[in-house]
Amino acid sequence: MRGPGRSVVGATGAAWLALAPATAGIAAETPSIADRIRGQAIAAAHPAMEEPTVVPGARATHMREEDVVLGIVVAGEARAYPWWVVKNFHVVNDTVRGAPVVVTFCEQCTGAAAFRRELDRRLLTLETAGVYNGTIIARDRETRTLWAPFSGRGLEGPLAGRKLERIPLALTRWSEWKARHPATSVAWGPAQVRGGHGSWYEPGKWGIVAEMGLTLSGWDTRLPENALVYGLEVAGGRRAYPLPELRARGPLGDDAFGVPVVLLAPGDLEAVAFDRRIRERTLTFRAAAMASAAMRDDETGTSWSAEGLAVEGPLRGERLLRLDGYVVEWHVWAAYNPDTEVFGGVPAAGPEVGGEVAFPPMRLAGVDGGAPRDVRLAAEVTLVALWTTWCEPCRAEMPRLQALSSRHAPEGLGVVAIAMHLPDDATERQVVREFLSRERIRLPAYFVDERAYEQLEALLREAGRPGLVVPTVLVVDRERRVRAVFRGREVATLATAL
């Protein structure tokens, strides 16, 4: 968009682009994890579920076919924990076929995992200590060690550095789980707990409440915060595989830091990875033709199940080594694994937008209260900022945008801010108002709603971006054409890059 005669704002608006981004401050000493935990009151109001009542799947009248469940198999016994039940507890201490297990769950980040809650022959009882790094954080009552909820790694306390043994967990629909495991049991819950706490969320749903967002130790804008990824942990590093990529490509062969792996997405919410070496031979996989198998290796023609078991062919009875990984939304995986790679990389698009992308009409509630009103983009050029109060780059950018608006409105610049906070949440709205007041931000500011979020997500995908991340600043002309998109770190270069 640079070059002779090419400017987003035209000659009259060039001056406002000279504002340089602010420099970073001096980093403070990192406090302990215990000091960073928030949400203790909410955690206390939702204690762990202990030894839940279970019923046979065939008599589970409280379940709906489309319900999302967290399914595990221990010593041949299958058990499912409904999403709508576990969201009210976040941690379940249970015993399956004599084995002490714990299931951890966060509906906001679609994170779920299961572990054996026994270490060095010592039984542990876990509970939610609060929120940290954008999700729940677990604590055992016996040693008060803090545990990462989905990797099972001890973070702080007497057992720091230790790791709980993972039990494979499937995040899937009740109908699919029953079909795989007809003899399954399922945890019971009363119908009224379908509503209330956490009921706004579903798998991959956007939206991070401010109290949880403020605990994030890092913010990675390579993918949208709610993108579902399968995070793989191997000795050499960490890699995130977007679930849509796994679903589209079938059995996916990869070399993960020297380990030959194959990844599968058995359902729309599941993923699993295996070491594809067996008997000193590295196998290559493709989709299987038979219904009872998930993949077939090229080398021997053996068919394999989604659990890594050879079900037909020369290697029948053999089992691939399952690798350590789990499904979660991107913001939590990236916060816990700041050095993670993203499979396939994330191409740097640059701010330019090719083709005609229009900013849609919107009616949104203003931060100042009152009925929803049209979002007006009447200036020669309008910067539309998508932001949140808990996103550190957003907090840094809002005063700079206010300065741009104050200095260059007479030259044809407008600035509009849309807060990406949960709609119809009084606490979230108050957080936004307090931030704008404290920082003396006087820009026209609105709260996003569900429809507007979907419109913005679609706009950004049409503009060639992977989805909506914060911060994002759209450069929109008087005809509502989107001329440029600055997202993530690009926002800090807005004043000099156009």
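The paragraphs below set out a description of the structure included in this document. (Residues numbered from 1 in each chain as written. Predicted model: local features only at pLDDT ≥ 70, side-chain atom pairs only at ≥ 80, totals over all residues. Heavy atoms only, no water.)

What about the pairing of strand S21 (residues 272-275)?
Under the convention used in this document: Buried, partly exposed and exposed residues are distinguished by accessible area as a fraction of the type maximum, computed with a 1.4 Å probe on protein chains only: under 20%, between the cut-offs, and over 50%, respectively. Put simply, DSSP marks the helices as runs of H or I at least four residues long and the strands as runs of E at least two long, and each gets a number from the N terminus on. Should DSSP find at least two bridges between two strands, the strands are taken to pair.
Residues Val272 and Phe274 point to one face of S21 and Ala273 and Asp275 to the other, with burial holding for every one of them. Direction of pairing for S21 relative to strand S28 (residues 321-322): antiparallel, over a ladder of two bridges. Residue pairing for S28: phenylalanine 274 is matched across the bridge by arginine 322.

Focus: the nonpolar core
We apply this condition: Definition of nonpolar core: a set of buried residues of the types Ala, Val, Leu, Ile, Met, Phe, Trp, Tyr and Cys, connected through side-chain atoms within 4.5 Å. Residues are treated as being in contact if the distance between any of their heavy atoms lies within 4.5 Å.
Counting residues in each nonpolar core, the largest one holds 95 residues, and the members touching the most others are Phe359 and Leu401. Once you skip the residues sitting within four places of it in the chain, leucine 401 turns out to touch Leu383, Ala385, Val415, Leu443, Val473 and Leu494. In terms of nonpolar packing, the next biggest core, distinct from the first, is built from 49 residues, Ile72, Leu232, Leu243 and Leu252 among them.

Comments concerning helix H9 (residues 426-438)
Defined as follows: The span one expects for a helix is its residue count, reduced by one, times 1.5 Å. The arc in question is traced by the directions running from the helix axis to the C-beta atoms.
Spanning 13 residues, H9 covers 18 Å between terminal C-alpha atoms, matching the ideal 18 Å at 1.5 Å per step. Inspection of H9 places Glu428, Arg429, Val432, Phe435 and Leu436 among the buried residues, and these make up the whole buried set. Along the axis of H9, the buried residues cluster in a sector spanning 130 degrees; they form a single face. Those residues of H9 that are exposed and aimed more than 90 degrees away from the buried face are Ala426, Thr427, Ser437 and Arg438. Here the buried face of H9 lies against helix H5 (210-213), strand S33 (381-387), helix H8 (392-408), strand S34 (413-419) and strand S35 (445-447). Residue arginine 440 follows H9 closely and has a positive phi angle near 55 degrees.

Looking at unusual backbone geometry
For the peptide bond that leads from valine 470 to proline 471, omega is 0 degrees, which places it in the cis range. The phi dihedral of arginine 144 is positive, around 65 degrees, even though this residue is not glycine. Among the secondary structure elements, arginine 144 is positioned in the loop between strand S11 (135-140) and strand S12 (146-147). Despite not being glycine, glutamate 280 has its phi angle at roughly 60 degrees, a positive value. In this fold, glutamate 280 is placed in the loop between strand S22 (277-278) and strand S23 (281-282).

Focus on the sheet that holds strand S10 (residues 126-132)
Across the sheet, four strands lie side by side as S10-S11-S12-S13; this open sheet has antiparallel pairing. The strands lining the two open edges of the sheet, one partner per strand, are S10 and strand S13 (154-156). As paired strands, S10 and S11 are joined by six bridges and run antiparallel to one another. Residue pairing for S11: valine 131 is matched across the bridge by isoleucine 136.

So, the pattern of salt bridges
As a reminder of what qualifies: Here a salt bridge means any side-chain nitrogen of Lys or Arg lying within 4 Å of a carboxyl oxygen belonging to Asp or Glu.
Inspection of every chain in the model, using the stated rule, returns 32 salt bridges. Between arginine 139 and glutamate 127 there is a salt bridge whose closest N-O contact spans 3.2 Å. Linking arginine 139 in strand S11 with glutamate 127 in strand S10, this pair joins segments that are 12 residues apart in sequence. On the basis of relative accessibility, which here comes to 16%, the residue glutamate 127 falls in the buried class. In this structure, arginine 429 and aspartate 424 form a salt bridge, with 4.0 Å as the shortest nitrogen-oxygen distance. Each of the salt bridges in this network shares a partner with another, and the network as a whole consists of Glu50, Glu127, Arg139, Arg141 and Arg144.

Let's talk about the environment of leucine 216
On the secondary structure map, leucine 216 appears in the loop between H5 and strand S17 (228-234). Look at leucine 216 and you get buried, because its relative accessible area is 13%. Once residues within four sequence positions are removed from consideration, leucine 216 is found in contact with Arg36, Asn133, Gly134, His331, Ala335 and Trp390.

Things to note about the packing of aromatic side chains
To be explicit about the condition: Ring geometry is summarised as follows: Phe, Tyr and Trp rings, the Trp one being its six-membered ring, pair when their centres sit within 6.5 Å, and such pairs are stacked at plane angles under 30 degrees, edge-to-face over 60 and tilted between the two. Two conditions define a charge located above a ring, namely a distance within 6 Å from the ring centre to NZ of Lys or CZ of Arg, and an angle within 35 degrees of the ring normal.
Evaluation of the coordinates by the stated rule reveals 11 aromatic pairs. Centroid distance tryptophan 200 to tryptophan 206: 5.3 Å. Interplanar angle 85 degrees. Geometry classified as edge-to-face. Assessed through its relative accessible area of 31%, tryptophan 200 is described here as partly exposed. A relative accessible area of 5% places tryptophan 206 in the buried class. Put simply, the rings of Trp200, Tyr201, Trp206 and Tyr453 touch in pairs and so form one group of aromatic residues. For lysine 205, the ring lying beneath its charged end belongs to tryptophan 200, and the centroid distance is 4.6 Å. Here the basic side chain of arginine 239 rests over the ring of phenylalanine 257, its NZ or CZ set 4.6 Å away from the ring centre.

Keep in mind these values describe shape, not function.
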